[in-house]
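# Observations on chain architecture
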Amino acid sequence: MKKLHKFILKSYAGPLAMTFFISVFILVMQGLWRYADDIVGKGLEISVMLELLFYVSLQVVPMALPLAILLASLMSFGNLGENYELTAMKASGISLFRIMKPLTVLTIFVSITAFWFSNNVLPVANLKFYTLLYSVRQARPELEIREKIYYDGVDGFRIKVDHKNPKTGMMYDLIIHDHRDKINRNTNVTMADSGKMDIDDHAGVILLTLYDGITYDEKVAMSNSRLSERARQMYRHDEFSEQKVLVKVDGFDFSRADESIYKGNDRMKNLEQLRHDSDSLRHITDSITHEIAKQASGYQMRKVRHRYKNDTVYNASIDTALLLNVDSIMLTLTDAQKRTTMETALRQAKTNKQYIDERLMQFNNEQLKVNRHEMEKHRKFAMPVACLLFFFIGAPLGAIVRKGGLGMPVVISVLFFIFYYVIDTFGAKCAREGVWPVWCGMWLSTAVLSAIGTFLTYKSATDSALFKSEAYQKIADKIKRRFMKKKKSDDDNSDEQ
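Structurally, isoleucine 176 can be placed in strand E2 (residues 171-178). In this structure, the C-alpha to C-alpha distance between isoleucine 176 and valine 189, residues 13 residues apart in sequence, is 5.8 Å. Excluding anything up to four places from it in sequence, isoleucine 176 contacts Phe157, Arg158, Ile159, Asn188, Val189, Thr190, Leu208 and Leu210.

Structure representation (structure tokens):
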């Protein structure tokens, strides 16, 4: 390897690693913020939190890697241009393409690795993350009883506490409504001077110890319709100095869900699985289309065929639609038969329309699954190609701007990435809803990036002053002089006249 190649690779590898980890960190924080409401307050163990963090980190790699390549290429070539090292290389007869050659090879290798990651690692990470997130969402939140507010986090109970001691965990002036009787919800009320609550996660029970209180319990039978009978029902009034209550609850212990609930999702499949399932879904949509066409074409003449089932010649004319005249058939009927026939036809048409609408809804649902599978197949190739294109945007742009560091490159990178993300989101939406072909929507952003990268590479190779204000000032002055010259000639012509 030449010393020049080593120097360029060394100047590029450091910014690439730094910007990649920075991008991953920012995107992970943004991702965790989206799921904060599902995670906070569940009392999860540190190992579960670290596992969630790990899977989120793997998920954001497809977005972080192209952004890191764009930012690193901008920084490295901006530093080379700012320190006049790029100028010295070009003065020595080394073209921009030769300078970019080792980094191009490295970026191609990174793109191939990105495809392998997207096809083999990312589906597994998505499956495990969403399964774990589902398990976290199903877990019951920690008991957090606030003062002077009714708490209904325990099924069948509503608890109100006047004030608490945060050090001892003792609660004072408790009111507990037992709503386990769904019909008579307010017939059991306990009032206590103080109490304490302990949770046994393994046994799935809450031990509630109450001190100095009263329990009011009225056994109301709704079958007794008369008020006199209800008045003679059982009424219980218990006073206690200490009472222990065990409440059975589910969900306080964290349990993992089965991964099979998400295995059918398109984001949890590799390329081979996507191809297989996409073909299966297409067979379903084709069968639905055939059924709709058969229903729409055959229903109209079904009754006529039944009426003339013994007339083979007439049935043949129905199939060829040569001899059938609906008006002539209607003329042979009486007024009552015509009215009955019209009502029957209208009822049958509504039934037929309802059937076709139901099948169309089923077809749209299945077609949406097909589109999602096709989109995921294209996305596995689009992300590695985006890495390569971002390099061919960042490297020439850095050579033109000639600004290193984290100032100007960060601003330009963020603007380009937002531009790319908006176009990619728009294309994906059009592909998902069937407005455009799937390949057209998924490769829209790549086509735009290719045009931008080609333009910037050409401008950089020809040493174009694309971002120099002096060049635009010269153009403005030239236009101004031409305008003034034309105005002066017009004034001279007016004076001669």
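Turning to its location among the elements, aspartate 266 is positioned in the loop between strand E5 (235-248) and helix H8 (271-298). In this structure, aspartate 266 is buried with no salt-bridge partner, the nearest side chain bearing the opposite charge being arginine 372 at 4.8 Å. In this view, aspartate 266 contacts Leu274, Arg372, His373 and Glu376; residues no more than four positions away in its chain are not counted.

Mean pLDDT for the protein: 78, with 78% of residues reaching 70 or above. Here helix H10 (residues 312-320) stands out as the least confident element of the protein, with mean pLDDT 50; helix H14 (residues 438-442) is the most confident, with 89. In this model residues 317-323 is a low-confidence stretch, pLDDT under 50, and it forms 6 contacts with partners more than four residues away in sequence or in other chains.

Bending of helix H12 (residues 335-401) peaks at approximately 30° at the position of arginine 379. Of the residues flanking the end of H12, it is arginine 402, one or two places downstream, whose phi is positive at about 60°.

A few words on unusual backbone geometry. Even without being a glycine, lysine 148 presents a positive backbone phi close to 60°. Examined against the element boundaries, lysine 148 turns out to sit in the loop between helix H6 (96-138) and strand E1 (157-164). The exposure class assigned to lysine 148 is exposed, which follows from its relative accessible area of 56%. Unlike most non-glycine residues, aspartate 173 shows phi in positive territory, near 55°.

On to the pattern of salt bridges. Any two side chains of opposite charge can pair if their charged atoms end up close together. One pass over the full model with this rule turns up 9 salt bridges. Residue arginine 282 is joined to aspartate 279 by a salt bridge in which the shortest nitrogen-to-oxygen separation is 3.7 Å. You can see arginine 282 and its partner aspartate 279 sitting in helix H8, 3 residues apart, about one turn around the helix. As a salt-bridge pair, aspartate 357 and lysine 353 come within 2.9 Å of each other at their nearest N and O atoms. Here aspartate 357 pairs with lysine 353, and both are found in helix H12, just 4 residues apart, close to one helical turn. Owing to a relative accessible area of 33%, aspartate 357 belongs among the partly exposed residues under this scheme. Each of Asp279, Arg282, Glu374 and Lys377 takes part in salt bridges that share partners, so that together they form one network.

Further remarks concern the packing of aromatic side chains. Within the structure shown, the criterion is met by 12 aromatic pairs. Ring geometry for phenylalanine 426 versus tryptophan 436: centroids 5.4 Å apart, planes at 85°, classification edge-to-face. Linking phenylalanine 426 in helix H13 (residues 408-432) with tryptophan 436 in the loop between H13 and H14, this pair joins segments that are 10 residues apart in sequence. An aromatic cluster is present here, built from Phe129, Tyr130, Tyr134 and Tyr262 joined pairwise through their rings.

Attention shifts here to the state of the cysteines. Evaluation of the coordinates by the stated rule reveals 0 disulfides. The structure places no disulfide on cysteine 440, whose sulfur is separated from the nearest cysteine sulfur, that of cysteine 430, by 8.5 Å. A relative accessible area of 27% means that cysteine 440 is categorised as partly exposed.

Bringing helix H4 (residues 61-82) into the picture now. With 22 residues, H4 should reach 32 Å at 1.5 Å per residue; the first-to-last C-alpha distance of 30 Å fits that figure. Among the residues trailing H4, tyrosine 84 stands out with phi positive, at a value near 60°.

Counting through the fold element by element, asparagine 79 comes out in helix H4. Along the primary structure asparagine 79 and arginine 402 are separated by 323 residues, whereas in three dimensions their C-alpha atoms are 6.6 Å apart.

Approximately 1200 Å³ is the volume attributed to the largest pocket. When contributions to the lining of the largest pocket are tallied by element, the ones reaching two or more residues are helix H1 (3-34), helix H3 (46-59), H4, H6, H12 and H13. Of the residues assigned to the lining of the largest pocket, the class counts are 20 nonpolar, 7 polar and 9 charged.

A cluster of acidic side chains, namely Glu147, Asp162, Asp173, Asp193 and Asp212, defines a negative patch on the protein surface. Along the chain, aspartate 193 falls in strand E3 (residues 188-200). Using a relative accessible area of 40% as the deciding quantity, one classes aspartate 193 as partly exposed.

With that out of the way, let us pick up the packing of H1 against H4. Relative to each other, H1 and H4 sit at 140°, their axes nearing to 7 Å. The orientation of H1 with respect to H4, classified from their angle, is oblique. In this structure, the crossing between H1 and H4 has a hand that is right-handed. Looking at side-chain class alone, the contact of H1 with H4 contains 19 nonpolar, 5 polar and no charged residues.

What counts and how
Residues numbered from 1 in each chain as written. Predicted model: local features only at pLDDT ≥ 70, side-chain atom pairs only at ≥ 80, totals over all residues. Heavy atoms only, no water. Helix = DSSP H or I, 4+ residues; strand = E, 2+ residues; numbered from the N terminus. Contact = heavy atoms within 4.5 Å. Buried < 20%, exposed > 50% of the residue type's maximum accessible area, 1.4 Å probe, protein only. Lys, Arg positive; Asp, Glu negative; His and termini not counted. Salt bridge = Lys/Arg side-chain N within 4 Å of Asp/Glu carboxyl O. pLDDT = per-residue confidence, 0-100. Bend = angle between axes of the 7 residues up to and from the residue. Phe/Tyr/Trp six-rings, centres within 6.5 Å; stacked < 30°, edge-to-face > 60°. Disulfide = S-S within 2.5 Å. Expected span 1.5 Å × (residues − 1). 1 Å grid on protein atoms, 1.4 Å probe; cavity = no way out; pocket = protein on both sides within 12 Å on 5 of 7 lines; lining within 4 Å. Points joined across faces, edges and corners; volume = space filled by probe spheres on them. Nonpolar A, V, L, I, M, F, W, Y, C, P; charged D, E, K, R; others polar. Patch = residues over 30% accessible without salt bridge, like charges linked within 9 Å, V, L, I, M, F, W, Y side chains within 5 Å. Areas by Shrake-Rupley, 256 points an atom, 1.4 Å probe, with all protein chains shown as cover. Charge placed at Lys NZ, Arg CZ, Asp CG, Glu CD. Axes fitted to C-alpha atoms, helices over the stretch in contact; angles between N-to-C directions. Parallel < 35°, antiparallel > 145°, perpendicular 65-115°, else oblique. Left-handed = near helix turned anticlockwise from the far one by under 90°.

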